[in-house]
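Observations on the three-dimensional arrangement
Here are the chains, one letter per residue:
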Amino acid sequence: MDAALVVARHGGALDRRRLRELGATDHDLRRALSSGTLNRPRRGWYSTWPERDPRFRAMRVGGRLTGMSAIAAMGGWVLGEHPLHVAVAINAARLRTQWRRDHSRSDARPDGAVVHWGAATHDRGSSTGVVDLVEALELVCRVEPLEQAVAALDWALKTGRIDRIDRAALAQRLGPIGPLVDLADERCESLPESLARTRLRAAGLHVHSQVSWTGGLERIDLVVEGVVAIEVDGEQFHRDTFEEDRWRDLELTGAGYHALRPSARQVFGQWRAVQAAVERALRARGILVHLHNSGVEALKHPATRRWSADHAAVARLTPELWR
């Protein structure tokens, strides 16, 4: 029997008892371990994941990926590097470091893993190495910065991984911070767009997402105060559309917008310059604002305005973070 194939078909990790129930013998397991098609993250467990895989390391600790680690493993929108977040059972014992299954966490130096004692039970028989998405999103909303939590929610909604029922259930689980879920937008198309939207709203600006224009046939990523049209460029999407993007900027300007096109890299690493450009563009249109730094600490302080323009395109109102 090909023990590795059996394990792969059942989520990526099986314990010895379950493997024997499925027909694998000790000889099959020894052969798979010798060939490298199976690895042992913990005593009695066998996995097809390589040792550097976050799922393998989470199982070595004694649980499954959760929080931002789970979002990243599912292919979600994650900014920067994060520690390994591991959910373990509330009665878990004999936890190990993420790098050595023969080193107890209690005896070792900090290894970069963050353990969350929230799982009701241990995995039995099989494991995917990752908690349920709603569980992962709940932890993200509780412990991560606002912009990262909203980006994770945007991705989950955009890709259809959660629906309205899941969204309502998540809001209920979050309790007092449940309204955070309402800040997500299923129309958001990328991580930099999500970050830009959240940061601009946190700075005190009215921001509308995916605004229809030219008869509703096209959409603008973000419209700020009704006059600044922001198209966030990601290299993977715009490398071959230079000419088309330039025409789009001309059309936006002709329609009465001030067009800005920051790159994803600028949104990620040079946000102050992007925000300053937005403020300058607003001032050029007669909207005098004094923006505070984007961030959770500033959410209750809206920008000050001398005049606010009428929205240049029809769009539904969206909740502003400071309200």
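Residues numbered from 1 in each chain as written. Predicted model: local features only at pLDDT ≥ 70, side-chain atom pairs only at ≥ 80, totals over all residues. Heavy atoms only, no water.

1. What to know about the sheet that holds strand S6 (residues 126-127)
- Strand order in the open sheet formed by 3 strands is S2-S1-S6, and the pairing between neighbours is antiparallel. Only two strands of the sheet have a single neighbouring strand rather than two, namely strand S2 (45-47) and S6.
- Sheet topology note: the strand S1 (residues 13-15)/S6 ladder contains 2 bridges and is antiparallel. Pairing of Leu14 across the sheet is with Ser126, part of S6. (Pairing = 2+ DSSP bridges. Helix = DSSP H or I, 4+ residues; strand = E, 2+ residues; numbered from the N terminus.)

2. Regarding the sheet that holds strand S7 (residues 207-213)
- Overall, mixed pairing links the 4 strands, which are arranged S7-S8-S9-S10 in an open sheet. Each edge of the open sheet carries a strand with a single partner, namely S7 and strand S10 (258-260). Ignoring strand direction, the axes of neighbouring strands in this sheet form an average angle of 40°.
- Strand direction decides the pairing type here: S7 and strand S8 (residues 218-224), joined by 6 bridges, are antiparallel. Paired with His208 across the bridge in S8 is Val223. (Axes fitted to C-alpha atoms, helices over the stretch in contact; angles between N-to-C directions.)

3. Regarding the confidence of the model for the protein
- On average, residues of the protein score 82 in pLDDT, and 82% of them reach the 70 mark or higher.
- Counting contacts from residues 295-323, a segment whose pLDDT is below 50, to residues more than four positions away or on other chains yields 77 contacts. (pLDDT = per-residue confidence, 0-100. Contact = heavy atoms within 4.5 Å.)

4. Some remarks on the nonpolar core
- Core analysis: the largest hydrophobic core is formed by 63 residues, its most contacted members being Leu137, Val224, Ile230 and Leu282.
- The element contributing the most residues to this core is helix H7 (residues 146-158), with 9 residues.
- Counting residues in each nonpolar core, the second largest holds 11 residues, with Ala3, Val6, Leu14 and Leu19 among its members. (Core = buried A, V, L, I, M, F, W, Y, C linked by side-chain atoms within 4.5 Å. Buried < 20%, exposed > 50% of the residue type's maximum accessible area, 1.4 Å probe, protein only.)

5. Describing the pattern of salt bridges
- As enumerated under the stated definition, the model contains 14 salt bridges in all.
- In this structure, Arg173 engages Glu138 in a salt bridge whose closest nitrogen and oxygen atoms are separated by 2.8 Å. Linking Arg173 in helix H8 (residues 164-174) with Glu138 in helix H6 (residues 133-143), this pair joins segments that are 35 residues apart in sequence.
- In this structure, the salt-bridge partner of Arg197 is Asp154, at a minimum N-O distance of 2.8 Å. Linking Arg197 in helix H9 (residues 191-202) with Asp154 in helix H7, this pair joins segments that are 43 residues apart in sequence.
- Look at Arg197 and you get buried, because its relative accessible area is 0%.
- Residue classification places Asp154 among the buried residues on the basis of a relative accessible area of 0%.
- A single network of salt bridges, built from pairs that share partners, joins Arg16, Arg20 and Asp26. (Salt bridge = Lys/Arg side-chain N within 4 Å of Asp/Glu carboxyl O.)

6. A word on the packing of H9 against helix H13 (residues 271-284)
- In contact at an axis separation of 12 Å, H9 and H13 are set at 60° when each is read in the N-to-C sense. The angle between H9 and H13 falls in the class oblique. Two packed elements cross with a definite hand, and for H9 against H13 that hand is right-handed. Only Trp271, Gln275 and Val278 of H13 make contact with H9, whose side of the interface consists of Ala196, Arg199 and Leu200. (Parallel < 35°, antiparallel > 145°, perpendicular 65-115°, else oblique. Left-handed = near helix turned anticlockwise from the far one by under 90°.)

7. A short note on unusual backbone geometry
- Here the phi dihedral of Gln210 falls at roughly 50°; this positive angle occurs in a residue that is not glycine.
- When you line up the elements, Gln210 lands in strand S7.
- Backbone geometry at Glu225 places phi at a positive 55°, although glycine is not the residue there.
- Turning to its location among the elements, Glu225 is positioned in the loop between S8 and strand S9 (228-230).
- For Glu225, a relative accessible area of 3% gives the class buried.

8. Observations regarding the side chain of Asp15
- Along the chain, Asp15 falls in strand S1.
- A distance of 2.8 Å separates a polar atom in the side chain of Asp15 from the backbone nitrogen of Arg18.
- Not counting residues within four places of it along the chain, the set of residues in contact with Asp15 comprises Gly44, Trp45 and Gly125. (Polar contact = N/O pair within 3.5 Å; in protein donor to acceptor, adjacent residues only side chain to side chain.)

9. Re the pairing of strand S4 (residues 84-89)
- Across the 6 residues that make up S4, a large majority, 6, are buried.
- Bridging between strand S3 (residues 64-65) and S4 involves 2 bridges; their strand directions are antiparallel. Bridge pairing in S4 places Arg64 opposite Ala87.

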